[in-house]
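Each chain is listed here by its residues.
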Amino acid sequence: MTVRDSVVDGRYLVLGGSGRTGSLVTSLLLERGARVTVAGRRPRDVAGADTAVVDLATGFDAGLLDGYDGVVISVEPPTDERGAEAVMHRGVAAVGEAAARSGARVVLVSQIYITRAAEHPDMSGIIIARGRGEEALRASGAAYTIVRPAWLTSGPAGGVRLEQGDAGDGRISRASVAAAAVSALASADAVGKTFEIYDAGDVSPDWSAEFAALDRDSGV
């Protein structure tokens, strides 16, 4: 498996690239010299980016990733359990299968509490669907990274704390999540890893060191 050491001149699909976190991913990729396609059910035009209509609830055409170096999935899930299952489980699984076929990297923006859905019964159905999507991505054979943000804020990017094991709680800025996702696309040390991300101070992270310190997922 070959992993690019930079996103410059790479081509990336951002599913949910018009959303609150996805739009930050799109902006960072463009700033770093990547070619970007913003995808979603109703993608908004972004200067310098292409757009594609993609609805994960109805499937994902494997050919959509041909010619792409990577894909970031930053989709806000439907609020109903059936919709969440269609998008966050089956949709993510289809993207993983397509990426395994094409060789594209996948970065999935998930959430904390994946292993503790019962602690939030009001959203447990969505959390369970997200967890199934994570497992499907791990089993797909694609080169993946799974980012599990804490409770999201609109603050500026800053210092972060990465954890594994899904035992913590806290907050994280969307800008830091976007930075983690984009940095993971070009890091071999991020492949096959799942981690939680929290705000921690003001010092910008050394992403290479942060990713290298993480354990790979079991079986990877």
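Residues numbered from 1 in each chain as written. Predicted model: local features only at pLDDT ≥ 70, side-chain atom pairs only at ≥ 80, totals over all residues. Heavy atoms only, no water.

Draft legend 1. Region of the structure containing the overall build of the protein chain. A tally of helices and strands in the protein chain yields five helices and 10 strands. On C-alpha atoms alone, the protein chain measures out to a radius of gyration of 16 Å, which is about the 17 Å that the 2.2 N^0.38 rule sets for 220 residues. Structurally, the protein chain occupies a C-alpha span of about 40 × 40 × 35 Å along its principal axes. Among the 220 residues that make up the protein chain, the fraction classed as buried is 54%. Counted over contacts in the protein chain with a minimum sequence separation of 6, partners at least 24 positions apart contribute 69%. In the structure as shown, the protein chain presents an accessible area of about 9,700 Å², 47% of it carried by carbon and sulfur atoms. Side-chain charges of the protein chain comprise 22 positive and 29 negative groups, with the mean position of each set lying 3 Å from the other. (Helix = DSSP H or I, 4+ residues; strand = E, 2+ residues; numbered from the N terminus. Rg over C-alpha atoms; globule rule 2.2 N^0.38 Å. Buried < 20%, exposed > 50% of the residue type's maximum accessible area, 1.4 Å probe, protein only. Contact = heavy atoms within 4.5 Å. Areas by Shrake-Rupley, 256 points an atom, 1.4 Å probe, with all protein chains shown as cover. Lys, Arg positive; Asp, Glu negative; His and termini not counted. Charge placed at Lys NZ, Arg CZ, Asp CG, Glu CD.)

Draft legend 2. How the structure looks around helix 2 (residues 81-102). Compared with the 32 Å implied by 1.5 Å per residue over 22 residues, the 30 Å span of helix 2 between its first and last C-alpha is a close match. The sharpest bend along helix 2 comes to roughly 30 degrees, located at G91. G103 sits one or two residues past helix 2 and shows a positive phi near 90 degrees. (Expected span 1.5 Å × (residues − 1). Bend = angle between axes of the 7 residues up to and from the residue.)

Draft legend 3. The arrangement of helix 1 (residues 22-31) in detail. Looking only at helix 1, the buried set comprises G22, V25, T26, L28 and L29. Down the axis of helix 1, the buried set is contained in an arc of 165 degrees. They therefore lie on one face. Among the structural elements, strand 1 (11-15), strand 2 (35-40), strand 4 (70-73) and helix 4 (174-185) are those in contact with the buried residues of helix 1. Downstream of helix 1 by a residue or two, G33 has a phi angle that is positive, lying close to 90 degrees. (Arc of directions from axis to C-beta.)

Draft legend 4. Highlighting the environment of E134. Here E134 is to be found in helix 3 (residues 124-139). According to the relative accessible area criterion, E134 is buried, its value standing at 0%. With 38 residues separating them along the chain, E134 and G96 place their C-alpha atoms 9.7 Å apart. Residues within four places of E134 in sequence aside, it is in contact with L108, S110, I114, I146, R148 and T194. Among the polar contacts made by the side chain of E134, one reaches the side chain of R138 at a distance of 2.9 Å. (Polar contact = N/O pair within 3.5 Å; in protein donor to acceptor, adjacent residues only side chain to side chain.)

Draft legend 5. Expanded view of the packing of helix 2 against helix 3. Following both chains from N to C, one finds helix 2 and helix 3 inclined at 10 degrees, their axes separated by 8 Å at the closest point. With respect to helix 3, the element helix 2 is oriented roughly parallel. For the pair helix 2 and helix 3, contact is made by E81, A84, E85, M88, H89, V92, A93 and G96 and by G125, I126, A129, R130, R132, G133, A136 and L137, respectively. Classifying every residue of the contact of helix 2 with helix 3 by side-chain character gives eight nonpolar, four polar and four charged. (Axes fitted to C-alpha atoms, helices over the stretch in contact; angles between N-to-C directions. Parallel < 35°, antiparallel > 145°, perpendicular 65-115°, else oblique. Nonpolar A, V, L, I, M, F, W, Y, C, P; charged D, E, K, R; others polar.)

Draft legend 6. Fine view of unusual backbone geometry. Of note in the backbone geometry, D9 takes a positive phi value of approximately 70 degrees without being a glycine. Structurally, D9 can be placed in the segment before strand 1. Take D9: its relative accessible area is 54%, and that puts it in the exposed class. Positive phi, close to 55 degrees, is recorded for D166, a residue that is not glycine. Here D166 falls in the buried class, since its relative accessible area comes to 2%.

Draft legend 7. Broad picture of the pattern of salt bridges. Per the counting criterion, the structure on display carries 10 salt bridges. The salt bridge involving R132 is made with E85; its shortest N-O contact spans 3.1 Å. Linking R132 in helix 3 with E85 in helix 2, this pair joins segments that are 47 residues apart in sequence. (Salt bridge = Lys/Arg side-chain N within 4 Å of Asp/Glu carboxyl O.)

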